[in-house]
Amino acid sequence: MKTHMKTILVIINILIISNISVSQTNNCKNGRTGKFELISPVSGRTVIERSIDKQTETNDTLKMIATYDVIWTDSCRYELRNKKLIKGDSKYAGLPTDILKVEILKVEGEKVFIKSSSNYSDRVVERTLTKIK
């Protein structure tokens, strides 16, 4: 009888863990594409428009527009590569080897919580995007 109960408890734990994983994965989907706003005390307002494979960032304070290729590494993580500066000071151009790594931590309503790092800095930053479309 005890062995049977242990088996049932193990199965229940597996189902709970699986369900948590699936709901977190599905939650990331709500932050994958769309139009987002990022407010920074340093650089002001950046509007981010992201499709499944492209991202465009527009910042009026910096007078900058840049595009990136979006490479999804799993359902909640992506990399921004091949930055092309469309408009703005060349100091924002970066290098062809630059990779910005982003993890969607969670989505709550219109808020998308992200963590970003890169191959050109040791800095890791957590930010909140607001979905505007």
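Located above this text is the structure these notes cover.
Now for a quick tour of the structure.

Conventions used here
Residues numbered from 1 in each chain as written. Predicted model: local features only at pLDDT ≥ 70, side-chain atom pairs only at ≥ 80, totals over all residues. Heavy atoms only, no water. Helix = DSSP H or I, 4+ residues; strand = E, 2+ residues; numbered from the N terminus. Buried < 20%, exposed > 50% of the residue type's maximum accessible area, 1.4 Å probe, protein only. Disulfide = S-S within 2.5 Å. Phe/Tyr/Trp six-rings, centres within 6.5 Å; stacked < 30°, edge-to-face > 60°. Lys NZ or Arg CZ within 6 Å of the ring centre and 35° of its normal. Pairing = 2+ DSSP bridges.

## Some words on unusual backbone geometry
Here is step 1 of the chain: Even without being glycine, Lys63 reaches a positive phi, approximately 55°.
Here is step 2 of the chain: Secondary-structure assignment places Lys63 in the loop between strand E3 (54-59) and strand E4 (64-74).
Here is step 3 of the chain: The class of Lys63 is exposed, set by a relative accessible area of 58%.
Here is step 4 of the chain: Even without glycine at this site, Asn82 takes up a positive phi of about 55°.
Here is step 5 of the chain: Along the chain, Asn82 falls in strand E5 (residues 77-87).
Here is step 6 of the chain: The exposure class assigned to Asn82 is partly exposed, which follows from its relative accessible area of 38%.

## A few points about the state of the cysteines
Here is step 1 of the chain: Tallying each qualifying case throughout the model produces 1 disulfide.
Here is step 2 of the chain: Note that Cys28 is cross-linked by a disulfide to Cys76, the S-S spacing being 1.8 Å. Taking the sign of the torsion about the S-S bond as the criterion, the disulfide between Cys28 and Cys76, at about 100°, is right-handed. Of the two residues, Cys28 is situated in helix H1 (residues 2-29) and Cys76 in the loop between E4 and E5; the sequence distance between them amounts to 48 residues. You'll find Cys28 and Cys76 in the same group, each marked buried.

## Comments concerning the environment of Asp60
Here is step 1 of the chain: Along the chain, Asp60 falls in the loop between E3 and E4.
Here is step 2 of the chain: It is 7.5 Å that separates the C-alpha atoms of Asp60 and Thr46, two residues lying 14 residues apart in sequence.

## Quick look at the packing of aromatic side chains
Here is step 1 of the chain: Tallied over the entire structure, the rule returns 1 aromatic pair.
Here is step 2 of the chain: Ring centres of Trp72 and Tyr78 lie 4.7 Å apart, and the angle between their planes is 50°; on these two criteria the pair is classed as tilted. There is no split in this pair, since Trp72 and Tyr78 are both buried.
Here is step 3 of the chain: Directly above the ring of Trp72 sits Arg32, whose terminal nitrogen or CZ lies 3.9 Å from the centroid.
Here is step 4 of the chain: When the ring centre of Phe113 is taken as reference, the NZ or CZ atom of Lys106 above it lies at 5.0 Å.

## Re the pairing of strand E8 (residues 125-131)
Here is step 1 of the chain: Examined bridge by bridge, strand E1 (residues 34-40) and E8 share 2 bridges and lie antiparallel to one another. Note that in E8 the partner of Glu37 across the bridge is Thr130.
Here is step 2 of the chain: Where strand E7 (residues 111-118) meets E8, 6 bridges bridge the pair, whose relative direction is antiparallel. For Ile114, the partnering residue across the bridge sits in E8 and is Arg127.
Here is step 3 of the chain: Between E7 and the antiparallel strand that follows it, E8, lie 6 residues.

Limitation: the analysis is restricted to geometry and does not speak to function.
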